[in-house]
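# Remarks on the overall topology
Now for the letters of each chain:
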Amino acid sequence: MVAVQAQDPAQAVIGIIFGPPGSGKGTQASRIESEAMLKHLSTGEILRAEVAKGTPTGKEVGRIMAAGDLVPDELIVDIVRGRLPEAEAGAGVLLDGFPRTVRQAQALDAMLAEEGHRVDLVIALEVPEAELVERLLHRAEVEGRADDTREAIAERMHEYHKLTEAVLDYYRRQGVDVVRIDGTGSPDQVFERIRRALPSPPAWEDASGPKGPGRVGGDAN
Ligand code: ADP
């Protein structure tokens, strides 16, 4: 039973929300941001903003993303390096979409170590692949995201299995608390599972349910 608090309770919490494309990381991270005050840092959103600016880097990134491939580790690590200090300044940060490769995880750990920080927890959303594809194709109709085509979705799943899944093992081996959450059902249901599975961060203490440090159970498995 490990409490959601930084290794040093005086410091910000460093969390990662992890899951395959379409698992709802962004949706849940926004909810956690508003209800638990962990700053949501989404590399996908940062990259989409770069693409929208139409800079030379943005154009190159846009091509990579539209194909469903990962942008180079160096590029994304530099982006995170630029944003992390501000994000860490508050109660804590929840990284969404990063790290996506073991090299990125190692780079993150090195950045954090410079500040005397380390990753405190990983929330891993789990959704069967058939449902993920269905969700992404539905999102393509609603939002028209450039990487929600059938081909790009297949490539993103492939990259996830080839490069990203290993990040979970990397953190498990380090003894980081990896909380597995059933990501099926409505966003509200998933959020409730997260809330029940995590020990209460300060902002959640008024909510119903057990209080205080320590894992409070829930149906995460
Ligand atoms: P999803 O997880 O649904 O695919 P994201 O918004 O997290 O959506 O990411 C969209 C795309 O942005 C990825 O497919 C990839 O091309 C790029 N991207 C985002 N984060 C990273 C990262 N950490 N490393 C490499 N590429 C990234």
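Below or above, wherever it landed, is the structure these notes cover. Note that this is a predicted model, so its numbers are computed, not measured.

Taken together, 20 residues lie near the ligand, and K25, T43, D69, G97 and R100 sit nearest. Here a nitrogen atom of the ligand and a backbone polar atom of G97 are 2.8 Å apart. One of the side-chain nitrogen or oxygen atoms of R145 is found 3.1 Å away from an oxygen atom of the ligand. When the ligand sits alone it has 550 Å² of accessible area, and the protein chains cover 97% of it. Element by element, the count of residues in the shell around the ligand is highest for helix α2 (residues 43–53), at 4 residues.

Before going further, it helps to examine unusual backbone geometry. Across residues other than glycine, the phi torsion is negative in most instances, and most of the peptide bonds are trans. Here the bond from F98 into P99 is cis, since omega is -5°, no more than 30 degrees from zero. By the element assignment, P99 lies in the loop between β3 (92–96) and α5 (102–114). At M37, a position not held by glycine, the phi torsion is positive, near 60°. Along the chain, the position of M37 falls in the loop between α1 (25–36) and β2 (39–42).

Turning next to the packing of α5 against helix α7 (residues 150–173). With their axes 8 Å apart at the nearest point, α5 and α7 run at an angle of 45° to one another. Taken together, the axes of α5 and α7 lie oblique to each other. Where α5 abuts α7, its residues V102, A105, Q106, L108 and D109 lie against L163, A166, V167, Y170 and Y171. When grouped by side-chain class, the residues that make up the contact of α5 with α7 number 8 nonpolar, 1 polar and 1 charged.

This next bit is on α5. Helix length check: α5, at 13 residues, gives a terminal C-alpha distance of 19 Å against a target of 18 Å (1.5 Å per residue), a fit within 8%. When we look at burial in α5, the residues that qualify are Q104, A105, L108, D109, M111 and L112. Here the buried residues of α5 occupy an arc of 165° about the axis, which is enough to place them on one side. Residues of α5 that are exposed and point over 90 degrees away from its buried face: R103, A113 and E114. Buried residues belonging to α5 abut β1 (13–18), α4 (73–88), β3 and α7. Of the residues trailing α5, G116 is marked for its positive phi of about 75°.

With that settled, consider the packing of aromatic side chains. Applying the stated criterion across every chain yields a total of 2 aromatic pairs. Centre to centre, the rings of Y170 and Y171 are 5.0 Å apart; their planes meet at 80°, and the pair counts as edge-to-face.

The next thing to look at is the environment of E50. In this structure, E50 sits in helix α2. Contacts of E50, omitting those with residues within four sequence positions, involve T55, T57 and G58. At a separation of 3.0 Å, a polar atom in the side chain of E50 contacts the side chain of T55.

Parameters and conventions
- Residue positions are counted from 1 within each chain, in the order its sequence is given.
- Local features are withheld for residues below a pLDDT of 70 in this predicted model, meaning they are given only at 70 or higher, and side-chain atom pairs are given and counted only at 80 or more; totals for whole chains, interfaces and linings count all residues.
- Working from all heavy atoms in the structure, the side-chain values ignore hydrogens and water.
- Nearness of a residue to a molecule or strand requires only that one of the residue's heavy atoms be within 4 Å of it.
- Between N or O atoms, a polar contact is any pair within 3.5 Å; within protein, one atom must be a potential hydrogen donor and the other a potential acceptor, and residues adjacent in sequence are included only when both atoms are from side chains.
- All accessibility values rest on the Shrake-Rupley procedure with a 1.4 Å probe; residue burial counts only the protein chains present in the view.
- A helix here means a DSSP run of H or I that spans at least four residues, while a strand means a run of E at least two residues long, and both kinds are numbered starting from the N terminus.
- In this analysis, axes come from line fits to C-alpha atoms, helices being fitted only over the stretch in contact, and the angle between any two N-to-C directions falls in the range 0 to 180 degrees.
- Small angles under 35 degrees read as roughly parallel and large ones over 145 as roughly antiparallel, with 65 to 115 read as roughly perpendicular and the rest as oblique.
- Contact criterion: two residues are considered in contact whenever any of their non-hydrogen atoms come within 4.5 Å of each other.
- All residues other than Ala, Val, Leu, Ile, Met, Phe, Trp, Tyr, Cys, Pro, Asp, Glu, Lys and Arg, Gly among them, are scored as polar; the first ten of these are nonpolar and the last four charged.
- Expected span, for any helix, means 1.5 Å times one less than how many residues it has.
- Only protein chains enter the area calculation, which uses a 1.4 Å probe; residues under 20% of their type maximum are buried, those over 50% are exposed, and those in between are partly exposed.
- In this description, one arc is meant: the one made by directions from the helix axis to the C-beta atoms.
- Here a Phe, Tyr or Trp ring, Trp counted by its six-membered ring, pairs with any other such ring whose centre lies within 6.5 Å, and the pair is stacked when the planes are under 30 degrees apart, edge-to-face when over 60, and tilted otherwise.

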